[in-house]
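# Structural description and commentary
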Amino acid sequence: VGMSKVDSIFSQGTFESTENTTDVAIEGEGFFLLKEVGNDTTYYSRAGAFRFNSEGYLINPEGFHVQGQYYTDSGEIQPGDPDDIQVQGQGLIPAQATTELTLNTNLDAGAAISPALDFVDPALPYDPSTNPIDVETTTYISSTQCYDSLGEEHLVTLYFRKSANNIWDVHWTAEDINGLTLNAAPETPLAAGAPNGPVPLQFSADGKILDQNGATNDNPLFIPIKATLPPLDFQNGADPVTITIEFDTTQFNNASRVISQNQNGFSAGNLTNVVINDSGEVVASYSNGEQKQIAALSLAKFTNPNGLETAGSNLFLSTATSGSPRVGLPGPELGKIFTNSLEQSNVDMGKEFVSMITVQRGFQANSKIITTVDELLGELINLKR
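Analysis parameters
- Residues numbered from 1 in each chain as written.
- Predicted model: local features only at pLDDT ≥ 70, side-chain atom pairs only at ≥ 80, totals over all residues.
- Heavy atoms only, no water.
- Helix = DSSP H or I, 4+ residues; strand = E, 2+ residues; numbered from the N terminus.
- Rg over C-alpha atoms; globule rule 2.2 N^0.38 Å.
- Buried < 20%, exposed > 50% of the residue type's maximum accessible area, 1.4 Å probe, protein only.
- Contact = heavy atoms within 4.5 Å.
- Areas by Shrake-Rupley, 256 points an atom, 1.4 Å probe, with all protein chains shown as cover.
- Pairing = 2+ DSSP bridges.
- Axes fitted to C-alpha atoms, helices over the stretch in contact; angles between N-to-C directions.
- Core = buried A, V, L, I, M, F, W, Y, C linked by side-chain atoms within 4.5 Å.
- Phe/Tyr/Trp six-rings, centres within 6.5 Å; stacked < 30°, edge-to-face > 60°.

To continue, consider the overall build of the protein chain. A count of helical and extended segments in the protein chain gives 1 helix and 27 strands. For the protein chain, the C-alpha radius of gyration of 35 Å lies well beyond 21 Å, the compact-globule estimate for 385 residues. When its C-alpha atoms are laid out on the principal axes, the protein chain stretches across 145 × 45 × 35 Å. A buried classification covers 36% of the 385 residues belonging to the protein chain. Here the contacts in the protein chain between residues at least 6 apart in sequence split such that 58% fall between residues at least 24 apart. Here the protein chain has roughly 21500 Å² of accessible surface; of this, 51% comes from carbon and sulfur atoms.

Take the sheet that holds strand E18 (residues 257-263) next. With respect to topology, 4 strands assemble into an open sheet ordered E16-E17-E10-E18, the strand pairing being mixed. Either end of the sheet is taken by a strand with one partner, and the two such strands are strand E16 (226-228) and E18. Taken over all neighbouring pairs, the strand axes of this sheet differ in orientation by 20° on average, direction set aside. Note: strand E10 (residues 100-106) against E18, 6 bridges, orientation antiparallel. From the neighbouring strand, Leu103 faces E18, where its bridge partner is Gln261.

On to the sheet that holds strand E13 (residues 167-174). With antiparallel pairing, 5 strands are arranged side by side in an open sheet as E11-E12-E13-E14-E15. The open sheet is flanked by strand E11 (140-147) and strand E15 (209-210), the only strands paired with a single partner. As paired strands, strand E14 (residues 201-203) and E15 are joined by 2 bridges and run antiparallel to one another. Bridge pairing in E15 links Gln202 to Leu210.

Below, the discussion takes up the pairing of strand E20 (residues 281-286). Among the 6 residues in E20, 6 count as buried, and that is most of the element. Going residue by residue along E20, you find Glu281, Val283 and Ser285 tucked away on one face and Val282, Ala284 and Tyr286 tucked away on the opposite face as well. Bridge count for strand E19 (residues 269-276) against E20 is 5 bridges, and the pairing is antiparallel. Counterpart to Val275 in the pairing with E20 is Val283. With antiparallel pairing between neighbouring strands as the criterion, E19 and E20 make up a hairpin whose turn holds 4 residues, including Gly280 at a positive phi of roughly 80°. Note: E20 against strand E21 (residues 291-297), 5 bridges, orientation antiparallel. Its bridge partner lying in E21, Ala284 is registered against Lys292. Hairpin connection from E20 to E21: 4 residues lie between these consecutive antiparallel strands, with Gly289 at a positive phi of about 90°.

Of all hydrophobic cores here, the largest spans 28 residues; its most connected members are Phe160, Leu201, Ile243 and Phe247. Of all the elements in the fold, those that place two or more residues in this core are E10, E11, strand E12 (153-164), E13, E14 and strand E17 (244-250). By size, the runner-up hydrophobic cluster in this structure holds 26 residues, among which are Val24, Ile26, Leu34 and Leu334.

For the rest of this paragraph, the subject is the packing of aromatic side chains. Under the criterion given, the structure shown has 9 aromatic pairs. When the centroid spacing of 6.3 Å and the interplanar angle of 75° are considered together, the rings of Phe31 and Phe316 count as edge-to-face. Taken together, the residues span a long stretch of sequence, with Phe31 in strand E3 (residues 31-35) and Phe316 in strand E24 (residues 315-317) at a distance of 285 residues. Each member of the pair, Phe31 together with Phe316, is buried. Taking the centre distance of 5.0 Å and the plane angle of 80° together, the rings of Phe32 and Phe50 count as edge-to-face.

Structure (structure tokens):
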């Protein structure tokens, strides 16, 4: 008796939860793609016990590199064949200057109409350290932390003045690293000539902001209210930055306050953690609070997975019998990814034990038959004697 071939069973196995954020399991018919270092042969596996090595490569326990598709800086999948997934863990990700700022605020409809904007000493020009803006001539002040191209923080301050019922003016100041104002005339409201510049902010009778065509923000034709500050040179060697401010503002009879501030700048940061999410994306987290999509795991699906050739260590090779793989990203067709999980064996141990006992009992029964026949033949020979 000899064994000619071992058939693989590719039915879905149950999942076991783990504590490792790079352990993944596939629900569906897909396979992970792996390559050995220095070898272009692609191996396929259902085992998702992955780790990062010292060079930042995502590997399986045997050291094979997991394959995937990289993301561009804009968050789009790069075209081309899957490649080794690597997360650079050394150095800092570069800073990003603030170019967009969204203010979600409420301006108090019950506030008194403000006097003309002026400084603490009206006889002297504005100076942020010795002659700042007189807060008594403003209705509400809001400051936002912004970043330059070097990742250094700067305050941009907006002054809201109620110039008439349902009408507000907005003024701004910012300071360079020497404490000098970057706005030569902060008493001048945001200029009407600025791109999309709202001068002034106007509100409807029910407190909703109006665009330049008189539409409120619940109108599909509403155009967001934006103003663009001129290029700000912070005098620290960073590139001058132009900031576009969007006003998501209401005017209700409630205290003026900032509900939220969102800006797209950040400082430089170093890598703190890497996880694989339920979409199969490798996501890196950095000390500056940013998260970056690095790559997405690639999966392969075969027309006849039973035709795959076993290569040991839960690895398989494609053959003419298995057909060419359909390679792509996780999804309904190729399989869904589950994180912090590993697929267990799909063998029913209870059933296999029962089968083993049945075979054993059958062997014992056959042995008894042979023994009985031997005894009968012995008796027959004794009769002749």
